[in-house]
Amino acid sequence: MHMINPLAQELNSILAETVPGKMLSDLGQRLFFPKGIIAQGAEAKKLGKTANATIGMSVFNGKPAIVPSVQKEFSTLTSTEAVAYAPTAGNPDFRNFWKDQIIAKNPSLKDKTISLPAVVPGLTAGISYLSDLFLAEGDSLLAANPSWDNYSLIVEARRNATLKSFTLFTKTGFNCEAFEKAVAEEAKCGKIRILLNFPQNPSGYSPTKTEQKAIVDILKKYADKGALIMVWCDDAYFGLNYEEDIAPESLFAALCDAHENIFAAKIDGPTKEDFAWGLRTGFLTFGGKGFTADQYDALNKKLMGVIRSSVSCCSTPAQSIMLKAAANPEYEAEKIAFRKILANRYKIVRDFVDSKKGHAVLEAMPFNSGYFMSFECKGISAEALRQKLLNEYGIGTVAIDDGHLRVAFSSLDEGIIEQVYASIYKAAEELA
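What comes next concerns the included structure. (Residues numbered from 1 in each chain as written. Predicted model: local features only at pLDDT ≥ 70, side-chain atom pairs only at ≥ 80, totals over all residues. Heavy atoms only, no water.)

Axis separation between helix 7 (residues 92-105) and helix 15 (residues 316-326) bottoms out at 10 Å; the angle between their running directions is 50°. By the criterion of interaxial angle, the relationship of helix 7 to helix 15 is oblique. Crossing geometry of helix 7 relative to helix 15 is assigned as left-handed. Within the contact between the two elements, helix 7 uses Asp93, Phe94 and Phe97 and helix 15 uses Gln319, Met322, Leu323 and Ala326. (Axes fitted to C-alpha atoms, helices over the stretch in contact; angles between N-to-C directions. Helix = DSSP H or I, 4+ residues; strand = E, 2+ residues; numbered from the N terminus. Parallel < 35°, antiparallel > 145°, perpendicular 65-115°, else oblique. Left-handed = near helix turned anticlockwise from the far one by under 90°. Contact = heavy atoms within 4.5 Å.)

Here we come to the pattern of salt bridges. The tally for this structure, following the rule as stated, stands at 25 salt bridges. The salt bridge partner of Asp274 is Lys335, with a shortest N-O separation of 3.0 Å. One end of the pair, Asp274, is in the loop between helix 13 (270-273) and strand 10 (282-288); the other, Lys335, is in helix 16 (residues 331-354), and 61 residues separate them in sequence. The same class applies to Asp274 and to Lys335, which are both buried. Between Asp297 and Lys301 there is a salt bridge, with its nearest N and O atoms 3.1 Å apart. Residue Asp297 and its partner Lys301 are located together in helix 14 (residues 293-308), separated by four residues, close to a single helical turn. (Salt bridge = Lys/Arg side-chain N within 4 Å of Asp/Glu carboxyl O. Buried < 20%, exposed > 50% of the residue type's maximum accessible area, 1.4 Å probe, protein only.)

Together, Leu11, Ile14 and Leu15 give the surface a local cluster of nonpolar side chains, amounting to about 260 Å² of exposed area. Looking at the element boundaries, Leu11 is found in helix 1 (residues 6-15). Under the relative-accessibility criterion, Leu11 is labelled partly exposed at 38%. (Patch = residues over 30% accessible without salt bridge, like charges linked within 9 Å, V, L, I, M, F, W, Y side chains within 5 Å. Areas by Shrake-Rupley, 256 points an atom, 1.4 Å probe, with all protein chains shown as cover.)

Now for the sheet that holds strand 12 (residues 372-377). Pairing within the open sheet is antiparallel, and its four strands lie in the order 11-12-15-14. The sheet is open, and its two borders are formed by strand 11 (362-364) and strand 14 (398-401), each paired with just one other strand. On average, each strand axis in the sheet is tilted by 35° relative to the strand beside it, whichever way the strands run. Relative to strand 15 (residues 404-408), strand 12 is paired through five bridges, and the arrangement is antiparallel. Opposite Glu376, over in strand 15, you have His404 as the bridge partner. Contacts between helix 18 (residues 414-431) and the sheet are confined to strand 11, strand 12 and strand 15, with strand 12 contributing the most and set at about 15° to the helix. (Pairing = 2+ DSSP bridges.)

As a further point, take the pairing of strand 7 (residues 191-197). Of all seven residues that make up strand 7, six are buried, and the element is covered over most of its length. Summarising the sheet, strand 7 and strand 8 (residues 228-234) pair through seven bridges and their orientation is parallel. Residue pairing across strands places Asn197 opposite Asp234, the latter belonging to strand 8. For the crossover from strand 7 across helix 11 (residues 209-224) to strand 8, the handedness is right-handed. (Right-handed = clockwise from strand over helix to strand, strands pointing away.)

Set out below in structure tokens:
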């Protein structure tokens, strides 16, 4: 049994003498709302008058980006497309479309066998459902440090399992040595559960081709030794790559037939890839060497049980809009244009932080993809830096923990990027 988080304890004490307080379940007692990205983002919305670099959205001229092909479909839905119940695992046409998309983006999957993706209400739900299916109380899930704050809430508060971590980086890239050491430790119990998120949140890093091969080789090594390994590939930001040496395909494509003892799950969807955050539409896809159609069907029916017992089914209009938008011949070109804008923002940030190499207080962690980059704070508190930036400079950022500050360049228009980053370095120097 884990120690209950202090924020949960505070809420429990407020409710202690009430009827609901006396009737809280064990999960109810563990739940709390973290003072993490969402709470810090709410503060930035109020005080971040200069810039709000907290939220994982693409913002163009102060408004969330929307692909024109998607926007146009909001007014074209029939009543069936808009308000009819969707099947539990999603619109079959949408599921088949997304499977085709996964294979098109990961050509090495062409002759491999994977499940038909099931629709889930956003990628967060996909991770939560995997936790429901595969994490029992007392089990552990291995993830990178630093990592997205919601992983801890899902794994530890909801499932009463343990989120273990390995140090994500060396000075220049993915820390294969720390990863293998953590995998070896988990292998002692015979079962290894791993969550890998690339491009990574909060760092904005994706493995190079060489690093991805090393990750797969490490996992195969321990699978050969008899460990049962499940890898959850959180591919929320898939395809947003800005450097040539990044592995072009998802880790899922390499793992889904890597070894009989390795099983992979892919969590992805149009949320980030297609600039459709609030539609809350994601997919869960499974892949394992030697898995049969009947076995995939059984696993999807287990997943359908989780969906049915939580949200019943996912949003019909969201699925309809995305499916119709994808049929527009302009759709792919529109998304490419948006990605180019993000790539240009990345380039400005990259040039700026590279000019500050060796800075006494802030060290940019490796980044090459996605929506974010993060600083390691040396000798100062990331939370103190966040507060100073917010209150004195009107700039919203996110303190991932006391040593790391995340900046979402995805939500910074090109014209203010250098001003924002100059302010971040200046505020850090003033705190040192």
